[in-house]
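If you want the building blocks of each chain, they are given just below.
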Amino acid sequence: MLEEPRKILVTSALPYASGSLHMGHLVEYLQTDIWVRFQKLRGHLCTYVCASDAHGTPIMLKALELGISPEELTSEISAEFVRDFAAFGVDFDNYHTTHSPENEALTVEIFEALRKRGDIYTRTIEQAFDEREGMFLPDRYVRGTCPYCKTEDQYGDACENCHKTYTPTDLIDPISVVSGTTPVKRKSEHYFFKLSEYGDRLRAWMQEATLDKNVVAKLEEWFEAGLQDWDISREAPYFGFRIPGTEDKYFYVWLDAPVGYPASFMHLCERRDDLDFDEYWRPGHDTEVYHFIGKDIMYFHTLFWPAVLAGSGFRTPTSVFAHGFLTVNGKKMSKSRGTFIKARTYLDNLNPSYLRYYYAAKLGPTIEDIDLNLDDFTARVNSDLVGKLVNIASRCAGFIGKRFDGKLAEALPEPALFAEIAEASETIAEHFERREYSKAMRIIMSLADTANRYIDDKKPWVMIKNEDQLDEVQAVCTQGLNMFRSLMIYLAPVIPAVAEDARAFLNEDSWSWPCAAIPLLGVTINKFTPLLTRVEAKQVENMIEQSKESLAEHETAPEDDYISIDDFAKVDLRVARIDKAEAVEGADKLLALTLNLGDSTRQVFAGIKGAYQSETLVGRHVIVVANLAPRKMRFGVSEGMVLAAGPGGKDIFLLAPDDGAEPGMRVK
RNA sequence: GGUGAUGUAGCUCAGAUGGUUAGAGCGGCGGACUCAUAACCCGCAGGUCGGUGGUUCAAUUCCACCCAUCACCA
């Protein structure tokens, strides 16, 4: 290799820790992993870090719903991610979380640096507010009727029917997705980052980062429209990092999420002597930093992120590589069609090497979507990987093993033919470097065809019957196995597990890229065992069936009119005595109740102020849901729910037990 | 709705800065072989290059509009 070893840091977008990985996620992680493995095989110091994106409203609400802390939720999901990534051979040097001390320290450092240079200011804005939950609502958490075309049940930011954009408060009959109540408008002070002043620096960065032309086109479009300042704060309750100097304001998840890249790297530096944080993240060093992302988050990675870095004393990324989306059988992934396939469901049915190869065979450097066509997948994998590539080894290995005690010939009979494969090395490497994986795969498979044609032409199975030609059989098979070996080295970044087995079969300790040009001669190799079996149509069918089933559990349950006795038993209803009832300052519907449950007391907020005077409630018995997950509200934590009937307002009627019931009694 | 991208054989994709018969792999059909995980090898068939119009001696390749799909709209 002529190149000097490079120092490269690579990231993939941080998966949001609120759901499972699916086939779409894997496009990115496999694309990145292939590139990283390629760089390592070429002898470069390439480091791959990632982390779980752990903050934000969706995670906070999901944790509430499950009755666990956001920390518990995200660490459970991260553990799943780690397991799935490992199974697919995605080999991170470090996998961390954004809910980490490193991330908080860096986020605060960045914020303070930006504030110091005057890039942060505050402004009061008006937002939808859910009074029952005591929280501001992100646009996606308000639904209602589109003010333009009157389509019902639309998100708070845009109409799916007429595609007009608006704010949640424009909606007709807006409803909070969280509580089902009508949100009100409320003002609060937010922190803004002056992105508008970074236009020139971003344009300059865009030039030097050698982005894909489609990415540049998109950026030009955004520059054209004008850069707007960016709201980087959110009000409590929020799961994230508190903004220094405030009581109830947090950094917006999208501020600290990309900081997860350097933070994860920093976490790795603690245990790696050969990596220095500043060398990769401060300006003026000869290192490279690349972010692999999906095209949907380009705005964050090509505008916000470089601007934030540039303004706070960090280096900007060398480049950002955006890829397209995944469709399955030509359409968006669909739960009802069974094409919303989770990583785990795939792993339960199919070998990860298949998918790694198939994606590689289709991936290029552009933001075009790629299609996972399952029939094509089966045909392609069977034909290319099993029928062509592995077949070369399979048809040569038998002769070498049985007739020559596993010993390869001392010389290649056709050095020129081998050279053809060796000479493709740099072209293939260039394709890998430029993320033109599909082109690399095309060349490799065409060379595999050449190898198969060679064996077919020499017909070792005919020569083997003639004692005089035994040496030639050994030579031909040695030639075939060497061609196989070189191609396998080229494919090692794509199908590392198969390459590993092939290397063991050839009885070698390690491979690097240049090994592909040096033939393996005169040595004894191991017994051949099938390196890869064919994809069975049945496996694919099962995977789809199982993807449908997981939907059924999920979506038919709420439509079912009946619950089982076990479901009912999950609700722990108790008799409670109201010890104290007082109005909540700032809330016109809520009363704060202190309830006595016999062996404990707890605080519950109830929306009954319109119907009851607090003093008439003290001493009354009510029914309370005792095992409801506590909810953090603006005014405090509510630890249960008091049962009442009626539409609301002044028509609210508390349920009460007959005389004799004691606090703490279970309702059955 | 605005903006950007994509639309080439049954399938997945190349390609042409406008110019003789538009390519590959897979699938299909026919043949050969039997070393190999029914793999491999040889051959054949298959496309008015999304639609309509325009520029040109000549367009699938340039332009306009339309249709379909995808994304973004901070």
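Our structure is the block above this text.
So, a few notes on the structure that sits alongside this text. (Residues numbered from 1 in each chain as written. Chains lettered and ligands numbered in written order. Predicted model: local features only at pLDDT ≥ 70, side-chain atom pairs only at ≥ 80, totals over all residues. Heavy atoms only, no water.)

Thoughts on the pairing of strand β9 (residues 184-193)
Turning to step 1, where the next piece is worked out: The pairing of strand β4 (residues 120-130) with β9 spans 10 bridges and is classified as antiparallel. Of the residues in β9, the one forming a bridge with Thr122 is Tyr191.
Turning to step 2, where the next piece is worked out: As defined by bridge partners, β9 adjoins strand β10 (residues 230-231) across two bridges and the pair is classed as antiparallel. When the sheet's bridge partners are listed, Phe192 is paired in β10 with Asp231. (Pairing = 2+ DSSP bridges. Helix = DSSP H or I, 4+ residues; strand = E, 2+ residues; numbered from the N terminus.)

Things to note about the protein's contact with RNA strand B
Turning to step 1, where the next piece is worked out: Taken together, 44 residues lie around RNA strand B, and Glu221, Tyr299, Lys362, Asp369 and Leu532 are the ones closest in.
Turning to step 2, where the next piece is worked out: For RNA strand B, the fraction of protein-proximal atoms (within 4 Å) that sit in sugar or phosphate groups is 70%.
Turning to step 3, where the next piece is worked out: Between RNA strand B and Lys362, the relevant distance is 2.4 Å, taken from a sugar or linking oxygen to a side-chain nitrogen or oxygen of the residue.
Turning to step 4, where the next piece is worked out: Contact between RNA strand B and Leu532: a base nitrogen at 2.5 Å from a main-chain N or O atom of the residue. (Near = heavy atom within 4 Å. Polar contact = N/O pair within 3.5 Å; in protein donor to acceptor, adjacent residues only side chain to side chain.)

Observations regarding the pairing of strand β1 (residues 7-12)
Turning to step 1, where the next piece is worked out: The element β1 is largely enclosed, with a buried count of five among its six residues.
Turning to step 2, where the next piece is worked out: Bridge count for β1 against strand β2 (residues 45-52) is five bridges, and the pairing is parallel. Note that in β2 the partner of Ile8 across the bridge is Cys46.
Turning to step 3, where the next piece is worked out: For the crossover that starts at β1, traverses helix α1 (residues 23-41) and ends in the parallel β2, the hand is right-handed. (Buried < 20%, exposed > 50% of the residue type's maximum accessible area, 1.4 Å probe, protein only. Right-handed = clockwise from strand over helix to strand, strands pointing away.)

With respect to the nonpolar core
Turning to step 1, where the next piece is worked out: Grouped together as the largest cluster of nonpolar side chains are 188 residues, with contacts concentrated most on Met23, Trp281, Tyr346, Tyr359 and Phe377.
Turning to step 2, where the next piece is worked out: Apart from the residues within four sequence positions on either side, Phe377 is in contact with Tyr346, Leu350, Tyr354, Leu355, Tyr358, Leu372, Val535 and Val540. (Core = buried A, V, L, I, M, F, W, Y, C linked by side-chain atoms within 4.5 Å. Contact = heavy atoms within 4.5 Å.)

What to know about the packing of aromatic side chains
Turning to step 1, where the next piece is worked out: For the structure on display, the rule yields 38 aromatic pairs.
Turning to step 2, where the next piece is worked out: With centroids separated by 5.0 Å and ring planes inclined at 85°, the aromatic side chains of Phe85 and Phe92 adopt a geometry described as edge-to-face. With respect to class, Phe85 is no different from Phe92; both count as buried.
Turning to step 3, where the next piece is worked out: Between Tyr490 and Trp513, the ring centres sit 5.1 Å apart and the planes meet at 40°, which makes this aromatic pair tilted. Separated by 23 residues along the polypeptide, Tyr490 in helix α17 (residues 470-491) and Trp513 in the loop between α18 (496-505) and α19 (537-555) bring together distant segments of the chain. The same class applies to Tyr490 as to Trp513, namely buried.
Turning to step 4, where the next piece is worked out: Among the aromatic residues, those joined into a ring-pair cluster are Trp222, Trp230, Tyr252, Trp254, Tyr299, Phe300 and Phe304.
Turning to step 5, where the next piece is worked out: Between the NZ or CZ atom of Arg186 and the centre of the ring of Phe129, over which it lies, the distance is 3.8 Å. (Phe/Tyr/Trp six-rings, centres within 6.5 Å; stacked < 30°, edge-to-face > 60°. Lys NZ or Arg CZ within 6 Å of the ring centre and 35° of its normal.)

Side note on the sheet that holds strand β5 (residues 135-136)
Turning to step 1, where the next piece is worked out: Within the open sheet, the four strands sit side by side as β5-β4-β9-β10. Their pairing is antiparallel. The open sheet has two edge strands with one neighbour each: β5 and β10.
Turning to step 2, where the next piece is worked out: When β4 meets β5, the two strands line up antiparallel, connected through two bridges. Looking across to β5, one finds that Asp130 is bridged to Met135.

A look at empty space enclosed by the protein
Turning to step 1, where the next piece is worked out: Taken as a whole and assessed by the stated rule, the structure comprises one cavity of 30 Å³ or more.
Turning to step 2, where the next piece is worked out: The space that makes up the largest cavity amounts to roughly 40 Å³.
Turning to step 3, where the next piece is worked out: Looking at the largest cavity, the residues that line it are Trp230, Trp254, Leu255, Pro258, Phe300, Phe304, Trp305 and Val308.
Turning to step 4, where the next piece is worked out: At the level of secondary structure, the elements contributing two or more residues to the lining of the largest cavity comprise α7 (253-269) and α9 (298-311).
Turning to step 5, where the next piece is worked out: Sort the elements by how many residues they give to the lining of the largest cavity and α9 lands first, with four residues.
Turning to step 6, where the next piece is worked out: Residue composition of the lining of the largest cavity, grouped by class: eight nonpolar, no polar and no charged. (1 Å grid on protein atoms, 1.4 Å probe; cavity = no way out; pocket = protein on both sides within 12 Å on 5 of 7 lines; lining within 4 Å. Points joined across faces, edges and corners; volume = space filled by probe spheres on them. Nonpolar A, V, L, I, M, F, W, Y, C, P; charged D, E, K, R; others polar.)

Structural notes on the side chain of Gln39
Turning to step 1, where the next piece is worked out: Within the element layout of this structure, Gln39 appears in helix α1.
Turning to step 2, where the next piece is worked out: Other than its neighbours up to four places away in sequence, Gln39 contacts Arg6, Ile8, His44, Cys46 and Glu433.

What to know about helix α13 (residues 415-423)
Turning to step 1, where the next piece is worked out: Buried within α13 we find Leu417, Phe418, Ile421 and Ala422. Across the axial projection of α13, the buried residues extend over an arc of 145°, all falling on one side. Exposed residues lying more than 90 degrees from the buried face of α13 are Ala416 and Glu423.
Turning to step 2, where the next piece is worked out: For α13, the elements touching its buried residues are α14 (425-433), α15 (437-458) and α17. (Arc of directions from axis to C-beta.)

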